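Spelled out from the first residue to the last, the chains are:
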Amino acid sequence: MPVVQFAPFSSLVQPGFWHELTRLKIDVLRLSDESLTVSGSYSVGRSIRDRETGQDVALGCNLVLGAAAFEQPLQVPPMSVTMHGVFKNYNTVEEFKAADKATTFNNVANDIWQSIVESRDTSKLTQFLLLTFSDLKKYQYYYWFAFPAFVAKPAWEISTEGWRAADHELGASQLSSIFESLHAQTKPFFLVNLTGDTAEVHSIERADTYFASDAPDSTIVGFLDPSASPDNPGWPLRNLLMYLQTLYPSKTSSVRVLCWRDGELPVGGRSWKSRFGIVTGGAGQPNAKPTAVGWERHPATNKLAARMADLAPMMDPTRLVDQAVDLNLKLMRWRIIPSLDLEKVARTRCLLLGAGTLGCYVARTLMGWGVRTITLVDSSRVSFSNPVRQPLFDFEDCLNGGKPKAACAAEHLKKIFPGINATGYNLLIPMPGHPIPVSSTEQTKKDVALLEKLFDEHDAVFLLMDSRESRWLPTVLGAAKNKIVLNAALGFDTYLVMRHGARASASASNSQRLGCYYCNDIVAPADSLTDRTLDQMCTVTRPGLAPIAASTAVELLVSLLQHPDGIHAPPPPPQSATANDIGSESASNSVLGLVPHQLRGFLAQFRALLVTGAAFDGCTGCSESVIKVYEKEGFAMILRACNETGYLETLTGLDKLHMEGDAALESVDWEEDE
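Source: prediction; values computed, not measured.

Definitions and limits used
Residues numbered from 1 in each chain as written. Predicted model: local features only at pLDDT ≥ 70, side-chain atom pairs only at ≥ 80, totals over all residues. Heavy atoms only, no water. Salt bridge = Lys/Arg side-chain N within 4 Å of Asp/Glu carboxyl O. Helix = DSSP H or I, 4+ residues; strand = E, 2+ residues; numbered from the N terminus. Buried < 20%, exposed > 50% of the residue type's maximum accessible area, 1.4 Å probe, protein only. Pairing = 2+ DSSP bridges. Axes fitted to C-alpha atoms, helices over the stretch in contact; angles between N-to-C directions. Contact = heavy atoms within 4.5 Å. 1 Å grid on protein atoms, 1.4 Å probe; cavity = no way out; pocket = protein on both sides within 12 Å on 5 of 7 lines; lining within 4 Å. Points joined across faces, edges and corners; volume = space filled by probe spheres on them. Nonpolar A, V, L, I, M, F, W, Y, C, P; charged D, E, K, R; others polar. Patch = residues over 30% accessible without salt bridge, like charges linked within 9 Å, V, L, I, M, F, W, Y side chains within 5 Å. Areas by Shrake-Rupley, 256 points an atom, 1.4 Å probe, with all protein chains shown as cover. Lys, Arg positive; Asp, Glu negative; His and termini not counted. Charge placed at Lys NZ, Arg CZ, Asp CG, Glu CD. Domains from an automatic or database assignment. Core = buried A, V, L, I, M, F, W, Y, C linked by side-chain atoms within 4.5 Å. Phe/Tyr/Trp six-rings, centres within 6.5 Å; stacked < 30°, edge-to-face > 60°.

**Points about the pattern of salt bridges**
So, step 1. Evaluation of the coordinates by the stated rule reveals 17 salt bridges.
So, step 2. Note that R468 is salt-bridged to D521, the shortest N-O span being 2.4 Å. With R468 in the loop between β21 (460-463) and α14 (472-480) and D521 in the loop between β23 (494-499) and α15 (534-537), the pair connects residues that are 53 residues apart, well separated along the chain.
So, step 3. You can call R468 partly exposed: its relative accessible area is 26%.
So, step 4. Among the charged side chains, a network of salt bridges with common partners joins E161, R164, E169 and R256.

The following block contains the structure:
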């Protein structure tokens, strides 16, 4: 007769177990390496139906450990049973490797054997051993399971009929009775007493009564079988047979075995999954402890070796949030926009000039789009009026004179998302119309050098300052370095969001060059801050306006990044300003839709107007005459622009334009009515 081949257990450790072990190691165990009790569970063997062949494919014979493994008692669903184990965690990987594993294994096997011969207890027949080492810096867990099982000599053999379907031996009513009894109270091991068409399920501890009867064929030994293999019963049967052979040697030379595998009643004409067989074996030596086997093999090599679970991507909170923050963005690519280049957005390094209301909202929206590098520049401090309007500040930031805005905003960005590369600089940008004292010239020169360096290190620049003249130098730098520059400005209930066009020397000769913030002006920027009343010194706007403008500016950047022409993307034609035209094919469209030049919003009317403005050759911000002098003279040119009234007009030819205009007015022959 063929020898019975048992299906060994395979461990299935859920991530929650390692999370709980981490907490336990840090808060409770610390340096202790004492043994603890852990609990896992197994259920009836399961299989899946192969759609192509129609055959059932057996799944693993699994012991499952989850987050509740250290809790007692462990709650398990019907048709599942608890397994208790000995758990030992080592403090170093060297201790784990050098541990006397054979001795530890034999101690657990001895405990199982003593429970059989001394207390006739079946609760330890499935006891297992788990050795671990936890590298909490790397979130790597080394572990090795053992499921001690005694070796029968001679080996157990299956009858010539082999393992067959249980409904070949038992009737449908008998199997249904067994199912109802086990579903109400699941037992790992049990006895089935057959009486006519009925079957009664009893505890295995009542074996004395049934093995003493003169009708052995009326009694069947059953166990909850975690194996789904048709010819291989699960590992728990091995110790159950040794239990019976040790305690009832004269009655168990031949054992009728029911491998219970039905987690639910069969429906739709399907047959019962449970198996039945008659197992025979020699009496052996009842009082001698048999040898035990049961170390788990490595699934990849099939060798006796420990395994390692690397949970760093999941268990490090910073890396976990790094994956979580991008979830919504990645879901966009599933169905809505498969071609969305999220990596390009994430790589874009953004420089925010201004860390006030606009700057705070722009930074938050950039993070929402997955941007990982955000640098803020501001020269002011957080005041008590700021936190209610500027979401990156709170009350504590206003105390003791207030924290520097830029650094404070960057700090709060890191609190929101530790994976962000956020930096803040306290920097005063020189402005035309605001003379630079001789005593401040050297410091201003250093500030300009730092600002130039920041422009070189970033891909996109947001101009989010309060005054018109503070945007002049960044406009010049952006044009000279051909950076993506986005402007956002607020009125009381109106806003402007625009992108600056590419530099003239970098644009195609046959393309329309888009203007900058100053291209519509025929006067140079001047001092707009001196001699202002309180309502003029503060940015007085409707509270909802800044989030709208800031979000629009970020969305414009992302749309521009998705356009194949990037900074050279053409604006939409006038007829594309309606919602019906957004999805139409156009050279101005990115995968996200239109890429307008300017958006002028009117909150009082709840509408936005798309505007396209051409570049002005005499612009004080982006014209080649200004850029070339800056590239030649550098800080000296900036110093003159700030200190000399009329310098920029002379440089760009606006002074001549003014003179021509005045002359034209003087040449007009005005008729006066009498």
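**Some remarks on the sheet that holds strand β19 (residues 373-378)**
For sheets, the rule is that strands pair by backbone hydrogen bonds, running either parallel or antiparallel.
So, step 1. If you walk across this open sheet you meet the eight strands as β20-β19-β18-β21-β22-β23-β26-β27, and the pairing is mixed. Both edges of this open sheet fall to β20 (421-426) and β27 (607-611), since each of them pairs with a single strand only. When strand polarity is set aside, the average angle formed by the axes of neighbouring strands in this sheet is 15°.
So, step 2. In this sheet, strand β22 (residues 484-490) lies alongside β21 in parallel orientation, the contact comprising four bridges. Each bridged residue has a counterpart across the sheet, and for L463 the counterpart in β22 is N487.
So, step 3. Across the face of the sheet, helix α13 (residues 441-457) comes into contact with β18 (349-353), β19, β20 and β21 while running at roughly 145° to β18.

**Regarding the pairing of strand β13 (residues 219-224)**
So, step 1. Across the six residues of β13, six count as buried, placing the element largely inside the fold.
So, step 2. Residues of β13 alternate between two faces, with T219, V221 and F223 on one and I220, G222 and L224 on the opposite face, all of them buried.
So, step 3. In terms of strand pairing, strand β11 (residues 189-195) meets β13 through five bridges, oriented antiparallel. Considered in β13, the bridge of N193 is made with T219.

**Description of empty space enclosed by the protein**
So, step 1. Evaluated as defined, the whole model comprises two cavities of 30 Å³ or more.
So, step 2. Considering only enclosed or pocket space, the largest cavity measures out at about 90 Å³ in volume.
So, step 3. Taken together, 14 residues form the lining of the largest cavity, with T475, G478, A479, H500 and G501 sitting closest to its centre.
So, step 4. If you tally residues by element for the lining of the largest cavity, the top one is α14, at three residues.
So, step 5. Its residues placed into classes, the lining of the largest cavity shows six nonpolar, five polar and three charged.
So, step 6. Approximately 60 Å³ is the volume found for the second largest cavity.
So, step 7. Put simply, the parts of the chain that give the lining of the second largest cavity at least two residues each are β8 (140-150) and α6 (236-247).
So, step 8. Top contributing element to the lining of the second largest cavity by residue count: β8, with three residues.

**Side note on a negative patch on the surface**
So, step 1. On the surface, D33, E34, E94 and E95 cluster together into a negatively charged patch.
So, step 2. Its place among the elements puts E94 in helix α2 (residues 93-98).

**Examining the domain arrangement of the chain**
So, step 1. When its domains are assigned, the chain resolves into domain 1 (10-312) and domain 2 (343-574 + 585-616).
So, step 2. The C-alpha centroid of domain 2 is placed 66 Å from the C-alpha centroid of domain 1.

**Re the nonpolar core**
So, step 1. F17 and W260 are the most contacted members of the largest nonpolar core, which has 91 residues in total.
So, step 2. Excluding anything up to four places from it in sequence, W260 contacts V44, M79, L175, I178, F179, L182, F190, F223, L224, D225, W272 and S274.
So, step 3. If you look at the next biggest cluster of nonpolar residues, it comprises 55 residues, including L352, L413, A488 and A546.

**With respect to the layout of surface pockets**
So, step 1. Space inside the second largest pocket adds up to approximately 670 Å³.
So, step 2. Lining the second largest pocket are 25 residues; nearest its centre among them are S47, D56, S271, W272 and K273.
So, step 3. Every element with two or more residues in the lining of the second largest pocket is listed here: β3 (47-49) and β4 (56-58).
So, step 4. For the lining of the second largest pocket, the per-class residue count stands at eleven nonpolar, five polar and nine charged.

**Remarks on the packing of aromatic side chains**
So, step 1. A full pass over the atoms with the stated rule returns 20 aromatic pairs.
So, step 2. Relative to F145, the ring of F128 has its centre 6.0 Å away and its plane inclined at 35°; by these criteria the two rings are tilted. Here F128 is found in strand β7 (residues 128-135), whereas its partner F145 is found in strand β8, with 17 residues between them in sequence. No difference in accessibility class separates F128 from F145, as the two residues are buried.
So, step 3. Here the aromatic rings of Y517 and Y518 are separated by 5.2 Å at their centres, their planes lie at 85°, and the arrangement is edge-to-face.
So, step 4. Overall, Y517 belongs to the buried group, its relative accessible area being 19%.
So, step 5. With a relative accessible area of 0%, Y518 lands in the buried category.
So, step 6. Among the aromatic residues, those joined into a cluster by ring pairs are F9, F17, W18, Y42, F70, F87, F128, Y141, Y143, F145 and F147.

**What to know about unusual backbone geometry**
So, step 1. In this chain, Q72 is followed by P73 through a cis amide linkage whose omega measures -5°.
So, step 2. Within the fold, P73 resides in the loop between β5 (62-65) and β6 (80-90).
So, step 3. At the junction of K153 and P154, the peptide bond is cis and its omega measures out at 0° in the coordinates.
So, step 4. Its place among the elements puts P154 in the loop between β8 and β9 (157-158).
So, step 5. Its identity is not glycine, yet R30 carries a phi of approximately 55°, on the positive side.
So, step 6. Among the secondary structure elements, R30 is positioned in the loop between α1 (15-29) and β2 (36-43).
So, step 7. Even without a glycine there, the phi angle at R120 is positive, about 50°.
So, step 8. Among the secondary structure elements, R120 is positioned in the loop between α3 (101-117) and β7.
So, step 9. Overall, the relative accessible area of 35% leaves R120 in the partly exposed class.

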